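A structural walkthrough
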Amino acid sequence: MGSWLVGQFLSAAAALACEIILTRLFSLSQWYHFAFLAISVALLGYGASGTFLAVTRRRIPLSLLAAGQALGTAAGYLAANFIPFDSFRIAWEPVQVLYMALYYLSLTVPFFFAGLISAVLLERRELPAGRVYAANLMGSGAGCLLSLVLQPYLAGVGSLLACAALAGAGGAAFAVGEGRRWRMGAALTLTLLLGALALRPPAGWEIRLSPYKSLMQVLRHPGARILFQRWNAFSRVDVVQAEGIRSVPGMSLGYMQAPPAQMGLFVDGDNLSPIQMSGSAADLAFLDYLPEAVLFQLRPGADIVIIEPLAGLAVWGALHGGAQHITVLMANPLVWQAVTETAPADANPFRAPNVTVIFGGARSFLQHPGHTYDIVQFPLTDSYHPIRSGAFSLSENYLLTVEAMRAGLHALQPDGILAITRWLQLPPTESVRAGALVVEALAAEGVAEPARHIIALRSWSTCLILAKRRPFTPQEIELVRAFAAARQFDLVTYPGMSEEESNRFNLLPEPVYFRAWQAMLTARDRRQFYHSTPFDLTPTTDNRPFFFHFFTWKQAPEVWQTLGMTWQPFGGSGYFVLIALLLLTLLAGIILVLLPLWLRGGPAAPRRLHAGTLLAFTCLGLGFMMVELPLLQQCILLLDQPTYAFATVLFALLVFSGVGSMMSARMPPALALGGTVLAALALAAGLSPLVHAALGAPLWARMGLTVLALAPAGWVMGMPLARLVSRLQERTPALIPWAWAANGVASVTSSVLATMMALSWGFQAVLVIGAGVYAGAALAGWRLVLLDDQQAHRQDDDAEG
């Protein structure tokens, strides 16, 4: 028995580590919002495995299935890497739909084999279902931790090949149980080969990035070369030297000199951030012509904290402006390392004597800043992305929420200034929503008239928003007006501003930004204003932190009218991508579960038992993902990085679900089937307060707290499936593959559905809905147990008769 469980443990660890690493590869090769597809890909593979087993009834040796998982991991990556899928051409190039399907399906292969391994083991009556399920979940938990260790040392491709090698090792363990020495030798040979490839991936296996990413565009410049490329657990950082790099967002058109030469820093291939190649006063003169220069006229000799400046353009602005002390909050140490290793000695702003760099999440620091500052600055560090494309709708950002703005206000001295810079968009959206964050933060702090506490000005491309807890004085207003006139910036709003002042230099047909801001600041009911525009401008919160999600159903007619006639991939929002993917997963569910069941017919069991089985396992799949996904996204705030949240949350849920599955046979049915409802409701009510209370603690403490907080939920969430599978093993084992398939397909659908609900209603609502689905699973499972008992009693009575 031991070799089977060891093989299951290694297979599950390889699959889960592969899933987490795929989120990183999706973030790099496509965009961050594609990362959630890794979950959907994995679950589709698991669901398909159950159907395959039920339809074919073939029993392929487990050692060969593990070899399929190992080879499928490598082959699936290679296939996806070379398929010419381009999401930005899908609206007018139908072949891209085929490429997307091939791209998606190629990556399901390793999870298909991993699912087959689990399903075959669960069918074996000599192996207790609780122990098999526990080995699966504990192996998955170990894979979570393994993914964090592999990437800094082996990079993306090497880490994925290491997962393949681990699956090969699982095949060797299965070969021991099968008693076939040649299979064990072949599995060990495959493991060693894949391990060698992980240490030194072949030339040409490098990850291919989307051609629309900033890094790929810069590398097209003649003579461009990569000076620095390194991975850590949550990013890849590149530094490129190219003659054409000049990045000065928002610089006044009144500056007549050429910007200085720069290098470009990229995180996950995007968001170009300039590294200065000289720190001389002459080469930094352009900084006086950035909108943010007004900060140091308003607060000379300021003590400033700058949040996530990437390569440090905002730090240069503070140094040039005469700031007395500069505190830099940086979540990614690899960015600091890249600048330190590539910038000339006199051009590294982080080495200045009055600059202090603090590594860690900005929200954690702002929760307990230690002392207050003259200026808290949220600089612009992401690339311009047209909001009409909706490409970043799914990206959460906890630095652009009402709670983040309140934390920034709390870190200020009584007369300090909060500054945030965002891109200008037409129609006015991104800058107006950023303003709405500030307005609602001020209102939450008790400010009755936020309009007296806000000034905004714009360049030709960016908008700078200034806010104070105290009203701006006439002297401060006059200083900003003079600065804007001298630098040819347009004012957007200040206390008492008239429309005639709003559109003087960077001319637009209509003063749309002034009017949008005035409508927001003077509205009696701001909620009504946020919903009155074609785009959703509702301020984002920690419960719904999707700053770039502007979709409303008012846009739908325009989306359909322009589909295929514009370069923008989805006309109004990436929300339609989710809808299409939801329909795709529903279709997959019909093909994988309902159609095969109808064509082949089920085993000898009452029809009510069939329906109850499928309903119970479907609800378990839906419920698990409706709890897991909100927890993953909420814990990004607590743990600073998506990868840390992914690994820690899955580790806690899966390991303790394994413990729960081992204990499920000894638990009362009411607890085994119904405890999940209470757990989901408890998380909906208590997780957010716990997250905010723990911000500011060391990262290791927050990780430990996350595990402890989720352990009870994981424990009860592991019981229902193991309990019901054990019952099927005893009575109707032929139903197990169908139950496995139904659970997997429901999980795939739920991974998309939960994301859609979070975008619309927030994480707490999804958790509450998840509790309701788990209640349905408990009722269906309880009815299944009762029907099964009734059937057993009738069979006993017939035997006696």
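Residues numbered from 1 in each chain as written. Predicted model: local features only at pLDDT ≥ 70, side-chain atom pairs only at ≥ 80, totals over all residues. Heavy atoms only, no water.

This paragraph deals with the nonpolar core. L22 and L631 are the most contacted members of the largest nonpolar core, which totals 148 residues. Among the elements that take part in this core, helix α20 (residues 607-639) stands out by supplying 18 residues, more than any other. With residues up to four places along the chain from it excluded, the contact list for L22 reads A38, L107, F111 and L160. Counting 49 residues, the second-largest nonpolar core is a separate cluster that includes F228, L265, V267 and L295. (Core = buried A, V, L, I, M, F, W, Y, C linked by side-chain atoms within 4.5 Å. Buried < 20%, exposed > 50% of the residue type's maximum accessible area, 1.4 Å probe, protein only. Helix = DSSP H or I, 4+ residues; strand = E, 2+ residues; numbered from the N terminus. Contact = heavy atoms within 4.5 Å.)

A sheet is described by the order of its strands in space; here eight strands give the open sequence β7-β6-β5-β8-β9-β11-β10-β12, paired in mixed fashion. Two strands lie at the open edges of the sheet, namely β7 (355-359) and β12 (490-493), each paired on one side alone. Strand-to-strand twist of the sheet, defined as the mean angle between neighbouring strand axes without regard to direction, takes the value 20 degrees. Where strand β5 (residues 303-307) and strand β6 (residues 325-330) come together, five bridges link them in parallel fashion. When the bridges of β6 are listed, I304 appears paired with I326. Docked against the sheet, helix α14 (residues 430-444) engages β9 (412-423), β10 (454-458) and β11 (462-467), running at close to 160 degrees with respect to β9. (Pairing = 2+ DSSP bridges. Axes fitted to C-alpha atoms, helices over the stretch in contact; angles between N-to-C directions.)

This brings us to the packing of aromatic side chains. For the structure shown, the criterion picks out 13 aromatic pairs. When the ring of F529 is compared with that of Y530, the centres are 5.8 Å apart and the planes differ by 65 degrees; the resulting orientation is edge-to-face. Accessibility classification places F529 together with Y530 in one group, the buried group. In this structure an aromatic cluster arises from ring pairing among F26, F85 and Y103. The aromatic ring of F472 is capped on one face by K468, whose charged end is 5.1 Å from the ring centroid. Looking at R487, its charged tip hangs above the ring of Y289, at a distance of 4.9 Å from the centre. (Phe/Tyr/Trp six-rings, centres within 6.5 Å; stacked < 30°, edge-to-face > 60°. Lys NZ or Arg CZ within 6 Å of the ring centre and 35° of its normal.)

Glancing now at the pattern of salt bridges. Inspection of every chain in the model, using the stated rule, returns 22 salt bridges. Between E178 and R183 there is a salt bridge; the shortest N-O distance is 3.1 Å. Each of the two residues, E178 as well as R183, counts as buried. Each of the salt bridges in this network shares a partner with another, and the network as a whole consists of R299, D415, K468 and E476. (Salt bridge = Lys/Arg side-chain N within 4 Å of Asp/Glu carboxyl O.)

Attention now goes to empty space enclosed by the protein. Scanning the entire structure with this criterion turns up 11 cavities of 30 Å³ or more. In this model, the second largest cavity occupies a volume close to 570 Å³. Around the second largest cavity, the lining is made up of 32 residues, and of these L43, Y46, L137, L654 and N743 lie nearest the centre. Of all the elements in the fold, those that place two or more residues in the lining of the second largest cavity are α1 (2-29), α2 (37-56), α5 (109-123), α6 (129-178), α20, α21 (642-663), α24 (719-731) and α25 (736-761). With six residues, the single largest contributor to the lining of the second largest cavity is α1. (1 Å grid on protein atoms, 1.4 Å probe; cavity = no way out; pocket = protein on both sides within 12 Å on 5 of 7 lines; lining within 4 Å. Points joined across faces, edges and corners; volume = space filled by probe spheres on them.)

Now for the confidence of the model for the chain. Predicted confidence across the chain gives a mean pLDDT of 86, with 89% of residues reaching 70 or more. Here residues 569-573 is a poorly scored stretch, pLDDT under 50, and it has 24 contacts once near neighbours within four places are set aside; other chains count. Throughout residues 604-608 the model reports pLDDT below 50, and contacts reaching past four residues in sequence, or to other chains, amount to five contacts. (pLDDT = per-residue confidence, 0-100.)

What follows is about the packing of α5 against α25. How two helices pack is summed up by the angle between their axes together with the distance between the axes. As a packed pair, α5 and α25 sit with axes 10 Å apart at the nearest point and diverge in direction by 145 degrees. Considering the relative orientation of α5 and α25, their crossing is right-handed. Along its contact with α5, which presents G115, S118, A119, L122 and E123, the element α25 presents I736, P737 and W740. Grouping the constituent residues of the contact of α5 with α25 by class yields five nonpolar, two polar and one charged. (Left-handed = near helix turned anticlockwise from the far one by under 90°. Nonpolar A, V, L, I, M, F, W, Y, C, P; charged D, E, K, R; others polar.)

Now for the environment of L708. With respect to the helices and strands, L708 occurs in helix α23 (residues 699-717). For the pair L708 and A652, spaced 56 residues apart in sequence, the C-alpha separation works out to 7.8 Å.

This part covers the side chain of N506. One can find N506 in the loop between β12 and α16 (512-522). For N506, a relative accessible area of 11% corresponds to the buried category. At 3.3 Å, the side chain of N506 forms a polar contact with the backbone oxygen of Q488. N506 has contacts with L253, R458, S459, W460, Q488, F489 and D490, leaving out every residue within four places of it along the chain. (Polar contact = N/O pair within 3.5 Å; in protein donor to acceptor, adjacent residues only side chain to side chain.)

Residue P427 is reached from L426 by a cis peptide bond, and omega for that bond is -5 degrees. Along the chain, P427 falls in the loop between β9 and α14. The phi torsion at D268 lies on the positive side, around 55 degrees, for a residue other than glycine. Inspection of the secondary structure puts D268 in the loop between β3 (262-267) and β4 (270-276). In this structure D268 comes out as buried when scored by relative accessible area, which is 12%. Even without a glycine there, the phi angle at D640 is positive, about 80 degrees.

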